[in-house]
Amino acid sequence: MSQRLGEDYAEFAAARAGHLYRSACLLTAGDTYLAEDLVQEALGRIYVRWGRVSRAENPAGYAQTVLTRTFLAHRRRFSSRERARDSFPELVDTGGDPSLRLTLLDALARLPAKDRAVVVLRYWEDRSVHETAGALNMSSAAVRTRCVRALTRLRELLGEDLAEYARS
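Quick caveat, the model's predicted, so the values are computed rather than measured.

Cut-off values and rules
- Residues numbered from 1 in each chain as written.
- Predicted model: local features only at pLDDT ≥ 70, side-chain atom pairs only at ≥ 80, totals over all residues.
- Heavy atoms only, no water.
- Helix = DSSP H or I, 4+ residues; strand = E, 2+ residues; numbered from the N terminus.
- Buried < 20%, exposed > 50% of the residue type's maximum accessible area, 1.4 Å probe, protein only.
- Contact = heavy atoms within 4.5 Å.
- Areas by Shrake-Rupley, 256 points an atom, 1.4 Å probe, with all protein chains shown as cover.
- Expected span 1.5 Å × (residues − 1).
- Axes fitted to C-alpha atoms, helices over the stretch in contact; angles between N-to-C directions.
- Parallel < 35°, antiparallel > 145°, perpendicular 65-115°, else oblique.
- Left-handed = near helix turned anticlockwise from the far one by under 90°.
- Nonpolar A, V, L, I, M, F, W, Y, C, P; charged D, E, K, R; others polar.
- Core = buried A, V, L, I, M, F, W, Y, C linked by side-chain atoms within 4.5 Å.

Draft legend 1. Representation of the overall build of the chain in the model. Scanning the chain for helices and strands turns up 8 helices and 0 strands. Reading the chain from its N end, one meets helices and strands in the order α-α-α-α-α-α-α-α. Of all 168 residues assigned to the chain, the portion counted as buried reaches 39%. Taking contacts inside the chain between residues at least 6 apart in sequence as the whole, the part at least 24 apart equals 68%. Per element, the accessible surface of the chain, about 10,000 Å² overall, is 51% carbon and sulfur.

Draft legend 2. Looking closely at helix 5 (residues 98–109). Over its 12 residues, helix 5 extends 16 Å from the first C-alpha to the last, a length consistent with the 16 Å expected when each residue adds 1.5 Å. Here helix 5 has its buried residues at T103, L105, A107 and L108.

Draft legend 3. How the structure looks around the packing of helix 6 (residues 113–124) against helix 7 (residues 129–136). One can describe the packing of helix 6 onto helix 7 by two numbers: an axis separation of 10 Å at closest approach and a directional angle of 135 degrees. The orientation of helix 6 relative to helix 7 falls into the category oblique. By crossing handedness, the relation of helix 6 to helix 7 is classed as right-handed. Counting all contacts with helix 6, which are made through A117, V118, L121 and R122, the residues of helix 7 involved are V129, T132, A135 and L136. Each residue belonging to the contact of helix 6 with helix 7 can be placed in one class, and the counts come to 6 nonpolar, 1 polar and 1 charged.

Draft legend 4. Quick peek at the nonpolar core. Core analysis: the biggest nonpolar cluster contains 42 residues, and L43, I46, L67, L136 and V143 have the highest contact counts within it. Counting residues per element, the ones that place at least two in this core are helix 1 (3–27), helix 2 (32–48), helix 3 (50–53), helix 4 (59–78), helix 5, helix 6, helix 7 and helix 8 (140–167). When near neighbours in sequence (up to four residues on either side) are disregarded, L43 contacts Y9, A13, A17 and L20.

Structure, rendered in structure tokens:
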């Protein structure tokens, strides 16, 4: 890789790492250690292909897709070795309601991995159904179905809390 291409990659990685980390935290339902690992792996994969990625129309979108696919691959590999936790690691306080954050992370953790990925891409990343389908390598109909299923499940999990938090 040429020096200029390497500098471009370093600049891109520095600019996107924070956003990728926040998305990874949502995908992993608050497992900050796994989120860091996923971001590093995704950035490593992007580095290998940076010459092609840098010429893409939307390198940031490509990075998000790589992160999401890395997460799903990790879930497939390690689904039988899940670790139960009795508490969440300390999170940086951003001034929001910590009980809301923990409630939402807990609810996200209870969704299947692909449903969680669809929710994060559609509602956190604000991607269209078509963009989400492309990122997850599934049809638009499957994305819509998973969205409906995931949101229904989140409403069930949050129950009365959902109305309370919506008013906050």
